[in-house]
Amino acid sequence: MAKGEGGGAVNPMWGGRFTGPPSEVMARINPSIGFDRRLAAEDIRGSKAHAAMLVRQGILTAADGAAIAQGLDRVGAEIAEGRFAFRRELEDIHMNVEARLAELIGEAAGRLHTARSRNDQIATDLRLWLRATIDDTDAELASLQAALLDQAERHAATVMPGFTHLQPAQAVTFGHHLLAYVEMFGRDRGRLADCRGRLNECPLGAAALAGTSFPIDRGMTAAALGFDRPMANSMDAVSDRDFVVEFLAAAALAATHLSRLSEEIVIWSGPQFGFVRIPDALSAGSSIMPQKRNPAAAELVRGKTGRVVGALVAVLTMLKGLALTYANDMQEDKEPLFDAADTLRLGLAATTAMVAGLEAMPDAMRAACERGFLGATDLADWLVREAGLPFRRAHHAVGRVVRLAEERGLNLEHVPLAEAQAIEPAITALGLAATAIERSVAARTSFGGTAPAEVARMVSAARRRFLGSPP
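Residues numbered from 1 in each chain as written. Predicted model: local features only at pLDDT ≥ 70, side-chain atom pairs only at ≥ 80, totals over all residues. Heavy atoms only, no water.

Trainee: In this structure, what is going on with the overall build of the protein chain? I would like to understand it.
Mentor: In terms of helices and strands, the protein chain carries 19 helices and six strands. The C-alpha radius of gyration computed for the protein chain amounts to 31 Å, which surpasses the reference 23 Å derived for 471 residues by more than 25%, pointing to a less compact arrangement than a globule. Long-range pairs, those at least 24 residues apart, make up 74% of the contacts in the protein chain between residues at least 6 apart in sequence. Summed over its atoms, the accessible surface of the protein chain is roughly 21,100 Å², and 55% of this surface lies on carbon and sulfur atoms. Seen as two clouds, the 51 positive and the 56 negative side-chain charges of the protein chain have centres 2 Å apart. (Helix = DSSP H or I, 4+ residues; strand = E, 2+ residues; numbered from the N terminus. Rg over C-alpha atoms; globule rule 2.2 N^0.38 Å. Contact = heavy atoms within 4.5 Å. Areas by Shrake-Rupley, 256 points an atom, 1.4 Å probe, with all protein chains shown as cover. Lys, Arg positive; Asp, Glu negative; His and termini not counted. Charge placed at Lys NZ, Arg CZ, Asp CG, Glu CD.)

Trainee: Explain the nonpolar core to me, please; I cannot follow it from the model alone.
Mentor: Generally speaking, nonpolar side chains in soluble globular proteins are found buried as a group. Leu148, Phe174, Phe247 and Leu248 are the most contacted members of the largest nonpolar core, which totals 73 residues. Residue assignment for this core shows that the elements contributing at least two residues are helix H6 (118-154), helix H7 (174-199), helix H10 (242-269), helix H11 (296-319), helix H12 (334-357), helix H13 (362-369) and helix H19 (452-467). When residues no more than four places from it in sequence are discounted, the contact partners of Phe247 are Leu130, Thr133, Ile134, Leu192, Cys195, Leu337 and Ala341. (Core = buried A, V, L, I, M, F, W, Y, C linked by side-chain atoms within 4.5 Å. Buried < 20%, exposed > 50% of the residue type's maximum accessible area, 1.4 Å probe, protein only.)

Trainee: Please explain the packing of aromatic side chains as it appears in this structure.
Mentor: Each aromatic ring pair is characterised by the separation of its centres together with the angle its planes make. The full count for this structure, using the stated rule, is six aromatic pairs. Centroid distance Phe84 to Phe86: 4.7 Å. Interplanar angle 55 degrees. Geometry classified as tilted. We classify Phe84 as buried; its relative accessible area is 11%. Among the aromatic side chains, those forming a connected cluster through ring pairs are Phe163, Phe273 and Phe275. Positioned above the aromatic ring of Phe338 is the side chain of Arg38, whose terminal nitrogen or guanidinium carbon lies 5.0 Å from the ring centre. The positively charged end of Arg131 is found above the aromatic ring belonging to Phe227, 4.8 Å away from the centroid. (Phe/Tyr/Trp six-rings, centres within 6.5 Å; stacked < 30°, edge-to-face > 60°. Lys NZ or Arg CZ within 6 Å of the ring centre and 35° of its normal.)

Trainee: Looking at this structure, how should I read the state of the cysteines?
Mentor: By definition, a disulfide links two cysteine residues through a covalent bond between their sulfur atoms. Evaluation of the coordinates by the stated rule reveals zero disulfides. The closest cysteine sulfur to the non-disulfide-bonded Cys202 is located on Cys195, 16 Å from its own sulfur. (Disulfide = S-S within 2.5 Å.)

Trainee: What should I look at first to understand the environment of Ser239 in this one?
Mentor: The topology assignment puts Ser239 in helix H9 (residues 234-239). On the accessibility criterion, Ser239 (10% relative accessible area) is buried. In this structure the C-alpha to C-alpha distance between Ser239 and Arg464, which are 225 residues apart in sequence, comes to 40 Å. If near-sequence neighbours (up to four positions away) are discounted, Ser239 is found in contact with Leu324, Thr325 and Met330.

Trainee: Sorry, what's going on with a nonpolar patch on the surface here?
Mentor: Nonpolar side chains collect at one region of the surface, where Leu209, Met235 and Leu324 lie side by side and expose about 280 Å² of accessible area between them. By secondary structure assignment, the location of Leu324 is in the loop between H11 and H12. Residue classification places Leu324 among the exposed residues on the basis of a relative accessible area of 62%. (Patch = residues over 30% accessible without salt bridge, like charges linked within 9 Å, V, L, I, M, F, W, Y side chains within 5 Å. Salt bridge = Lys/Arg side-chain N within 4 Å of Asp/Glu carboxyl O.)

This is the structure:
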């Protein structure tokens, strides 16, 4: 990105420090216009705010300020309409914009760079871009939560096995399971909001690293660009990339949550489980096996998580050895950031479509609950609550009853009472009846539990908390 005020090579945008052109390899490694052109709108917005401030402070004439503003609008229109000719020899988006501005308005364009550097310019552009990206990503996370809540409400009473160690553990409802992801994505939104709050300070006016001797008004440019305040230290302003790392960390965790949900969809949609059916439009076939119906969208969301995690590691590694302030290494923050943001948003769109179109198979879920003795804990709890047994004694006794049921090929509720009482005399018919799946689920009425009434209540509460729905 910015090359630092003391570096670079022969370039029509600056003077005579260098006597020859860059080498062929320097011409390949140095430019960033191939990716930082993405920041064109932010660069122009920052330049217009800077020029307006220079005019108000008497550093630029009103005529020059007007010419610069009009010229920048023309450059922005050319870029937006695809008519702008980006030039690799001008290295980056800043110099490309300034060069075209000079073609349009002449010498006045050269006054735009007064009291600023490409170092504070890129730091400002990147914060503007990331702030908008966070807002868009938050909206997409909210859409995913809404899709999950719709399914959770629909299936508040649809029983399924809950798992630990991917082994059947206790009966839950499908709605309850999906609400866990609503909470995860809610935390992701909170992390992004925290990141946005911290990044919303303006570097513009820090210049190369030390500030400027011109009588600028950094508060004016900060306000014009929607920042809360100017950054307090000029060296920190140009060298800080904490906000990039914070976003990437939040993005990596959000992508991990998408991956976990995708893994469950992959498992659930297979014939071994048959809990859900993914829409055809989000599935793929096989080039050789006509019967195949692969959960391609879920697999791709799961696979792309590595790119987002890798972006976080790449930027942390880039930063770890940098002394203050700016170095060309910082050019390497853009591509990982852009790719991670794009990848996360694509994963959110795909997952939202999958969740919205997911068809649950309640009969298969209910049948799976009959395997694995999911009501065992209910019998142990009943012995503690109704018979006053210490939990460890109850646990041991129920374990023996489970072994008996397994040997006899029975569900717990169908174990002969006499045989159960031979193991633990305190067991009664009511205790065995407590192991029935619907009764087990309905009994878990604790806050945040899986009882259908509690799930329905928590769906409504989550709509209020995360989506602003009225009570």
